[in-house]
Amino acid sequence: MYKKILFASALIALVIIVLTAGFIFKEGVPVFTKYGVGNIVLGNNWNPTRQGYGIWPMVVGSVYVTLGALLLGAPMGVSTAIFLAEIAPKKPGSSVIRPAIELLAGIPSVVYGLFGMTTIVPLVRKMALGIPAYAKEPLLSTGYGIIAGSVILAIMILPTIINVSEDAIRSVPKEYKEGSLALGATHWQTIYRVIVPAARSGIMAGIVLGIGRAIGETMAIIMVAGNAPVVPHSLFSTVRTLTGNIAIEMAYSSGEHTQALFATGIVLFVFIMVINSVALFAKREVKP
Amino acid sequence: MRPRTAEKLARSVLWVSAMHTVTVLVLILGYIFMNGLGKISWEFLTSEPKSMGAEGGIFSSIVSTIIFTLTTLIVSVPVGAAAAIYLTEYARRDIGALLIRFGIDTLAGIPSIVFGLFGFALFVIILKPLTGGWSLVSGALTGACMILPTLIRTTEEAIKAVPDSYREGSYALGATKWQTVMRIVIPNALPGIVTGIILSIGRIVGETAALLLTLGGSMFVPTKLTEPASTMSMHLYKVAMEVGAMDMAFGTASVLIITVLLINLAANKVLRQMKNKTTA
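Peer 1: Go over the overall build of chain A with me, naming the residues and quoting the values.
Peer 2: Across its full length, chain A carries 13 helices and two strands. Counting only C-alpha atoms and orienting by the principal axes, one finds that chain A spans roughly 70 × 70 × 30 Å. Relative to its full complement of 288 residues, chain A shows a buried share of 53%.

See the structure below:
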């Protein structure tokens, strides 16, 4: 009897996944069948009042800011992880840096958004206004867009990348390190020729999970991205992400428009499922 | 490059990136507090927002945050604990357990806006007669789905940390499995479970995207669970993006950060107590 109740509770996670996927597909698929998957996913025109449901600008937008976040955040995250696992003396390691990372992970995303729109956005605007070709273009000189979005997301994915990579580096068997040092290698040679390659798949898992976080992030990104539903053609362009599309328009949408937002959700869901599967796979590889 | 030079260079680069992480945190906290701490006063905390949040205080969003958080916990903690007990004490290593684990892992990776879509379709639209549409209940049920993976994982860890000798001792005295779980395992795992709950509170207090689609966003103090409301993080988003009252946004952000800081401190304290107890 008890066992059955416990089992039912454990099943709930699975049930929620199935329900989530079920509802999003049920609401979103009709738009796909009516207009065609290609026209929605690859369509350039997002104009819901005139049945324009192309979400390609948002797909591109999500990919751009995520790539930007990765370029800025991954090297920083992985080197911090190496530092924590291999180099950090006890003092700044566990008493300052680790609590700082914990706190960074705990700050609500709206706070990141507020910080971004009041510090990074004005900075980027100043940069854009300094470039004559951009200063005249109203859409390129707002400061909102790919750069500000990438910087904020880079900060937000740091804790994920650091924690997962550090675990991976720490789980490399001690013998590897000792063997390398015994052969006369310096500590750094040991780190980048022995330890990091051995922890490779775990570090990859951390980075992939970071990608998942960046693609799924909503609040911070809509506060700094500018959100014009157009395919960006410059680093200074404003962008709208898949998540932003849903969050911004859901409140006043109805009918087919709502369905198109659910269709955006389907594309996001597929992205996330693929990314998470890759991460899970990479993580499983870690265990020898 | 000579190995010794490379060693020195690498060390400095790694030091710089680690310190950079800390600097970023200090910069964000410093900037928000510099602009927001001055805004916080007794009046700010206890008066209701006026003119769409551009003036007045944030009282209603504080009340809503507390009610929302409590409702979410009441729904999710029993389910999460039961799931964790099943997975650690009862589940065999079969395909069923594997599927459940896959479900939990996947759930943990789903972005909050997708939960928002789900909550909107199920709780706001289909279950409207029960939940009142956009309401505290709809938001709390959505929030409960989101923190379930964290709750299950932390509870599992806590249960696994209870030494097997305790269970064996209990069985040796003739206790049944259920008695052992309820009287020996759970009480000993309690500090770990509490830490998990505190960490989950941290997560839902900052949650916004899913709530935009489910909680409704009214600026009044809710009197019933079936009424719409807006939490502090939603309020912050609205005054910053829709009203443009940045001073109010910074004030709200400061209150929010202080809340999260206190929650982290509490979690660490419970964890430390647990460690002292197990080593003693």
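Peer 1: Could you give an account of the packing of helix α7 (residues 136-160) of chain B against helix α9 (residues 177-205) of chain B, with specific residues and numbers?
Peer 2: Residue and element names in this part refer to chain B. Running from N to C, α7 and α9 cross one another at 150°; their axes reach a closest spacing of 8 Å. What the angle tells us is that α7 and α9 run roughly antiparallel. Seen from above, α7 lies across α9 with right-handed handedness. Here α7 contributes G143, I147, T150, L151, T154, T155, E157, A158 and I159 to the contact with α9, which in turn contributes V185, A189, G192, I193, T195, G196, I197, L199, S200, R203 and I204. Residues of the contact of α7 with α9, tallied by class, amount to 10 nonpolar, eight polar and two charged.

Peer 1: Provide a residue-level description of the domain arrangement of chain B, including the pertinent values.
Peer 2: Residue and element names in this part refer to chain B. What the domain assignment reports for chain B is domain 1 (3-37) and domain 2 (42-279). Of note, the centres of domain 1 and domain 2, computed from C-alpha atoms alone, are 31 Å apart. Between domain 1 and domain 2, the contact holds six residues from the first and five residues from the second.

Peer 1: Tell me about the interface of chain A and chain B, residues and numbers included.
Peer 2: Accessible area lost upon the coming together of the parts serves often as the stated size of an interface. The partner chain B presents 65 residues to the 66 residues of chain A that form the contact. Looking at the side of chain A that touches chain B element by element, the count peaks at 18 residues for helix α1 (residues 2-35) of chain A. Of the residues that constitute the side of chain A that touches chain B, the class distribution is 46 nonpolar, 17 polar and three charged.

Peer 1: So what's going on with helix α5 (residues 112-126) of chain B? Residues and values would help.
Peer 2: All names here are of chain B. Compared with the 21 Å implied by 1.5 Å per residue over 15 residues, the 20 Å span of α5 between its first and last C-alpha is a close match. Where α5 bends most, the angle comes to about 35°, and this point is G119. Counting buried residues along α5, 13 of its 15 residues qualify, which places the element largely inside the surrounding structure.

Peer 1: Tell me about the packing of helix α3 (residues 59-90) of chain B against α9 of chain B, residues and numbers included.
Peer 2: Residues and elements named next belong to chain B. It is at 10 Å that the axes of α3 and α9 come closest, and there the two elements cross at 140°. One finds that α3 runs oblique with respect to α9. Along this stretch, α3 crosses α9, giving a crossing that reads as right-handed. Every residue of α9 that contacts α3 at T65, T69, T72, L73, V77, A81, I85 and E89 is listed here: V181, V185, I193, I197, I201, I204 and V205. The class makeup of the residues in the contact of α3 with α9 is 11 nonpolar, three polar and one charged.

Peer 1: Help me get a handle on the nonpolar core, residues and values and all.
Peer 2: The biggest cluster of nonpolar side chains holds 176 residues, and the ones touching the most others in it are A13, V111, L114, I152 and V224 of chain A together with L117 and L236 of chain B. No other element matches the 16 residues that helix α7 (residues 146-170) of chain A contributes to this core. Those residues within four positions of L236 of chain B in sequence are excluded, and the remaining contacts are V110 and L114 of chain A together with A249, T252, A253 and L256 of chain B.

Peer 1: Help me get a handle on unusual backbone geometry, residues and values and all.
Peer 2: With a phi close to 70°, N227 of chain A is a non-glycine residue in the positive phi region. By secondary structure assignment, the location of N227 of chain A is in the loop between α11 (219-224) and α12 (242-249). Phi at M52 of chain B takes a positive value of approximately 60°, unusual for a residue other than glycine. One can find M52 of chain B in the loop between β1 (49-50) and β2 (55-56). With 14 C-beta atoms packed within 10 Å, M52 of chain B lands in the partly exposed category.

Peer 1: So what's going on with α12 of chain A? Residues and values would help.
Peer 2: Within α12 of chain A, six of the eight residues are buried, leaving the element largely enclosed by the surrounding structure. All of the buried residues along α12 of chain A are L242, T243, G244, N245, I246 and A247 of chain A.

The rules behind each value
- Residues numbered from 1 in each chain as written.
- Chains lettered and ligands numbered in written order.
- Predicted model: local features only at pLDDT ≥ 70, side-chain atom pairs only at ≥ 80, totals over all residues.
- Helix = DSSP H or I, 4+ residues; strand = E, 2+ residues; numbered from the N terminus.
- Buried ≥ 20, exposed ≤ 12 C-beta atoms within 10 Å, placed from the backbone.
- Axes fitted to C-alpha atoms, helices over the stretch in contact; angles between N-to-C directions.
- Parallel < 35°, antiparallel > 145°, perpendicular 65-115°, else oblique.
- Left-handed = near helix turned anticlockwise from the far one by under 90°.
- Contact = placed C-beta atoms within 7 Å.
- Nonpolar A, V, L, I, M, F, W, Y, C, P; charged D, E, K, R; others polar.
- Domains from an automatic or database assignment.
- Expected span 1.5 Å × (residues − 1).
- Bend = angle between axes of the 7 residues up to and from the residue.
- Core = buried A, V, L, I, M, F, W, Y, C linked by C-beta atoms within 7 Å.

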